[in-house]
Amino acid sequence: MYFSSTHCLNHQLGRVIHQSIQNDLKFPYFKENNGKSISVYFMTLAPRPHKKPELPSRNGVTASQVSLPKGTWQTYEDFLAERFPALTKTEWHQRIIEGDVLDSNGEPLLPESTYRPGQTLYYYRYIANETPIPFQETILYQDEWIVVADKPHFLPVTPSGRYLQETLLVRLRRKLGIDTLTPMHRIDRETAGLVLFSVKPESRDRYQRLFRENFVSKHYEAIAPYRMDIALPLRYKSRIVQSDAFMRMETVEGKHNAETEIRLLRQSDGFAHYHLKPVTGRKHQLRIQLCTLGIPIVNDRIYPVHYPEALTQAMQEEEYRHPLQLVAKSIRFTDPFTGETRHFESEYSVDFGSVMHI
């Protein structure tokens, strides 16, 4: 016999009536009942987890989510304004009125509803008056598994901070109508070149693992100063960690975790055109390694000196005139689903001629 708050099932020396609930049975014991032996069990029923609703993207942006903790907030607007202060309570109220904030079932919240902890809210990010980035990506290849894009300088790959619609991911979702599009890897906003995306959610992890576990052969090209005392080709190894300074990495003593093959393509007037093949994939790896060698990449605004972010139109126009001379030029790997050798080349190139007059 089973006892619980919701179920009471007889069981007399036979099999459990509902086999699927055997894992929840606790504390078995036996007793006599009118001369018959009866097995008695107490069953603990765990609540079923709430299933995430299927929410479509809006203008290329998928819904973000936030869990609601216990607290003293009176309304959802109170909580959201405190948790995400980039918007005021009045602005969050307007977002709720416009149906941009949804409850655990994917239904629009009612304005000024009483705050209830333990739920999950879904909301669509929005940035008012987002500054357009005047450079366009190119789709080099597309099939049922992957999309290969050629990213221009200055365009972020994914939404972050003040970039949302003006990102490669959101632009491609809008252009192709594929909500499930997900980047396999990232390159810096300042870097131009190849970025690959997976199309199917079930293939996402296997493609991303290729990059995480270094099964992808990549090569970059860069323009940087030339030093006669650096013997090339060079297999450079260093240890890179997150710096205390915002946005920056740093080189420290210890076992190396970053490795790059550096080869000279040509040199003239104190500058060189380098072929870079990263063996590992650390954040800012190429930029900080070349800087550590005393040959920082031309127009790098983070290494060795971190310049202020270009916030005004005049600052942006000045930055646009001097793109970082780094391009993610080629990618090669064996596709884990088709077995094909995939090889792609960026149409972008570093501009060796433009640095001759620096």
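Details of the structure are given in the entry above.
To keep things clear, this report deals only with the structure shown in the data block. (Residues numbered from 1 in each chain as written. Predicted model: local features only at pLDDT ≥ 70, side-chain atom pairs only at ≥ 80, totals over all residues. Heavy atoms only, no water.)

## Here's the deal with the overall build of the protein
In plain terms, the rule: A helix here means a DSSP run of H or I that spans at least four residues, while a strand means a run of E at least two residues long, and both kinds are numbered starting from the N terminus. Only protein chains enter the accessibility calculation, which uses a 1.4 Å probe. A residue is then buried if its area is under 20% of the maximum for its type, exposed if over 50%, and partly exposed in between. For the area figures, the Shrake-Rupley method with a 1.4 Å probe applies, and any residue is considered shielded solely by the protein chains shown.
A tally of regular secondary structure across the protein gives six helices and 17 strands. The buried share of the protein, reckoned over its 358 residues, is 44%. Summed over all atoms, the accessible surface of the protein reaches about 20,100 Å², with 50% contributed by carbon and sulfur.

## Thoughts on the environment of leucine 181
Following the sequence through the fold, leucine 181 ends up in the loop between helix H3 (168-176) and strand E9 (182-183). Leucine 181 gets classed as buried once you look at its relative accessible area, which sits at 0%.

## Observations regarding the nonpolar core
Quick note on the threshold: What we call a nonpolar core is a set of buried Ala, Val, Leu, Ile, Met, Phe, Trp, Tyr and Cys residues that are connected through their side-chain atoms within 4.5 Å. Note on contacts: a residue pair is in contact if any heavy atoms of the two residues lie within 4.5 Å.
Judged by nonpolar contacts, the single largest core of 32 residues is most densely connected at Leu181, Phe197, Leu276 and Leu326. Contributing elements (two or more residues each) for this core: strand E8 (146-151), H3, strand E10 (192-198), strand E11 (217-225), strand E15 (271-278), helix H5 (285-292) and strand E16 (326-334). Contact partners of leucine 181, with chain neighbours within four places excluded, come to Val147, Leu169, Leu172, Arg173, Leu176, Phe197, Ser198 and Val199. Of all hydrophobic cores here, the second largest spans 15 residues; its members include Leu68, Val101, Tyr115 and Leu121.

## Side note on the packing of helix H1 (residues 76-83) against helix H2 (residues 89-97)
Rules: Orientation is described by axes fitted as lines to C-alpha atoms, over the contacting stretch for helices, and by angles from 0 to 180 degrees between their N-to-C directions. Every angle not falling under 35 degrees, over 145, or within 65 to 115 is termed oblique; those three ranges are roughly parallel, roughly antiparallel and roughly perpendicular. Take the far helix as the reference: if the near one is turned anticlockwise from it by less than a right angle, the crossing is left-handed, and if turned clockwise, right-handed.
Relative to each other, H1 and H2 sit at 120°, their axes nearing to 8 Å. Between H1 and H2, the angle is such that the two are oblique. Of the two elements, H1 crosses H2, and the hand of that crossing is right-handed. When H1 is examined against H2, the residues Glu77, Asp78, Leu80 and Ala81 are found in contact with a partner set consisting of Lys89, Trp92, His93 and Ile96.

## A look at H5
Among the eight residues of H5, seven are classified as buried, and the element is accordingly described as predominantly covered. In this fold, the buried residues of H5 make contact with E11, strand E12 (234-242), strand E13 (249-252), strand E14 (258-268), E15 and E16. Looking one or two places after H5, you find glycine 294, whose phi comes out positive at around 85°.

## Comments concerning the pairing of E11
Looking down a regular strand, the side chains alternate between one sheet face and the other. Under the convention used in this document: Between any two strands, at least two bridges found by DSSP are needed for them to pair.
Among the nine residues that make up E11, seven are buried, leaving the element largely enclosed by the rest of the structure. Note: E11 against E15, six bridges, orientation antiparallel. Bridge assignment links glutamate 221 to a residue of E15, and that residue is histidine 275.

## Considerations on the environment of tyrosine 303
In plain terms, the rule: Within 3.5 Å is the distance limit for a polar contact, defined as a pair of N or O atoms, with the added protein rule that one can donate a hydrogen and the other accept it, and that residues adjacent in sequence qualify only through two side-chain atoms.
Position of tyrosine 303 among the secondary structure elements: in the loop between H5 and helix H6 (313-320). Take tyrosine 303: its relative accessible area is 2%, and that puts it in the buried class. Considered as a pair, tyrosine 303 and histidine 284 are 19 residues apart in the sequence and their alpha carbons are 9.5 Å apart. If near-sequence neighbours (up to four positions away) are discounted, tyrosine 303 is found in contact with Met247, Arg248, Met249, His284, Arg287, Ile288, Cys291 and Pro296. A polar atom in the side chain of tyrosine 303 sits 2.8 Å from the side chain of histidine 284.

Interpretation note: all reported values are geometric properties and have no functional meaning in isolation.
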